[in-house]
Amino acid sequence: MIIDIDIVLDALAIPATRGTRTKVVSWEHFTVDFELSSWYRRMILGYSVKRSDYVVVLTNGDFEAYRNRLGRKNAISRIYNPVAYRFDKEPVCEKKNIILTVGRLVPEKGTEYIKKVSLQILERYSGWQWILLGEGTERKNLEQFIIDHHLQNRLILKGNVENVDEYLRKASIFVLASQYEGMGLSMLEAREMKIPCVSFDVKMGPRELIHHGIDGYLVPAFDCGDMVDKIELLINSPELRRRLAENAYLRMDEFREDRIAKQWKDVLQLFA
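**Q** When you look at the sheet that holds strand β2 (residues 24–27) in this model, what are you seeing that I'm missing?
**A** As a general point, the strands of a sheet are linked pairwise by backbone hydrogen bonds and lie either parallel or antiparallel. Taken together, the four strands give an open sheet; going across it, the order is β1-β2-β3-β4, and neighbouring strands pair in parallel fashion. With one partner strand each, in any of the chains shown, β1 (2–4) and β4 (76–78) form the two edges of the open sheet. Taking each pair of neighbouring strands and ignoring which way they run, the sheet shows an average axis angle of 20 degrees. Taken together, the three bridges between β1 and β2 define a ladder with parallel strand orientation.

What follows is the structure, given as C-alpha cells:
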C-alpha cells in the first residue's frame, strides 16, 4: 500500500502500481477549491479521483465536494487529523493577556489581515500582546510594520518554536486569519488548551471546528472590522472567555489519537 499525503504524488504512485497488487490511498490535505486553483493540480485531481483505490479527506466539506462535485461516491472517508496532547486530565493553563496566532508568515495565512486587526486591538488595549509563531516570506514586511506603528514588544514575532504548547497554555485568545484552510490543526490544539478561537469563516475547516458564540467566533471571510469586534468582546469579558474556553475543550474526544488510528485501521483493513 502507498499512502500519498499530497494528491500530486498520485501522478507518480498510480502509474507505478499499475499491474501490481499495491493499493494507492490518496490522502487529501488541501481543499477541493485549492486543488482546482492551478492547472496542474486540477489535472492530477481529475486523474486521482478516478483511479486511486481510496480517498481520505480532512473535512466534511471536502467529503461532500468530492462526492457531489467530483463524483467520487465510493471508497472515500473523512478522517480528522488527531491532536497529540493528553486527554486524561484537563490542561493547567495560567492565562495571560496574550492573543496568539500560529502559522506560516505568508499571504495565504492572512498576514495583511493580521496587520489591520492587530493595529486596532493593540492601540486600544495597552495591556495586551499579540504573538505570532511561525516563519515565512512576510517576516520582513511584518517587522517593518511593527517599527512603523511602534508596536515593539506588543506584536511579537517568535519565528519557529518547538515549545508551541507553552504559548498555548498562556494565551487567552487564538486568532486564525487564513484565506483558506484544510482543517486548521493549530486551532484544534488551541481548543485543547482551553482557548476560545476567532477565525474567518472560509469555505472549509474552521466552520467544522468552531460553534459560533459557543466556543469561539466565526467572522465573515476577511471582514477585519467584525474580527476586531469579536476580539474586543473577549478582551472585555473574562467571564465570556472562560465560558467559551470551557466549551472549546468539549467535543475533543473525537480527535483523540486512538480514535483516529481506529478509523485508519478500518481503511487499511479493507485491503488486507
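**Q** Explain the side chain of T31 to me, please; I cannot follow it from the model alone.
**A** Structurally, the position occupied by T31 is in the loop between β2 and α2 (32–35). Classification of T31 by relative accessible area gives buried; the value is 6%. In this structure the side chain of T31 is engaged in a polar contact, spanning 3.1 Å, whose partner is the backbone nitrogen of F34. Contacts of T31, omitting those with residues within four sequence positions, involve D62, E181, G182 and M204.

**Q** Explain the pattern of salt bridges to me, please; I cannot follow it from the model alone.
**A** Side-chain pairing between opposite charges can occur once the charged atoms of the two side chains come close. Scanning the entire structure with this criterion turns up 19 salt bridges. For the salt bridge of D253 with R259, the shortest nitrogen-to-oxygen distance reads 3.3 Å. Taken together, the salt bridges that share partners define one network made up of D253, R256, D258 and R259.

Reading guide: rules and limits
Residues numbered from 1 in each chain as written. Predicted model: local features only at pLDDT ≥ 70, side-chain atom pairs only at ≥ 80, totals over all residues. Heavy atoms only, no water. Pairing = 2+ DSSP bridges. Helix = DSSP H or I, 4+ residues; strand = E, 2+ residues; numbered from the N terminus. Axes fitted to C-alpha atoms, helices over the stretch in contact; angles between N-to-C directions. Buried < 20%, exposed > 50% of the residue type's maximum accessible area, 1.4 Å probe, protein only. Polar contact = N/O pair within 3.5 Å; in protein donor to acceptor, adjacent residues only side chain to side chain. Contact = heavy atoms within 4.5 Å. Salt bridge = Lys/Arg side-chain N within 4 Å of Asp/Glu carboxyl O.

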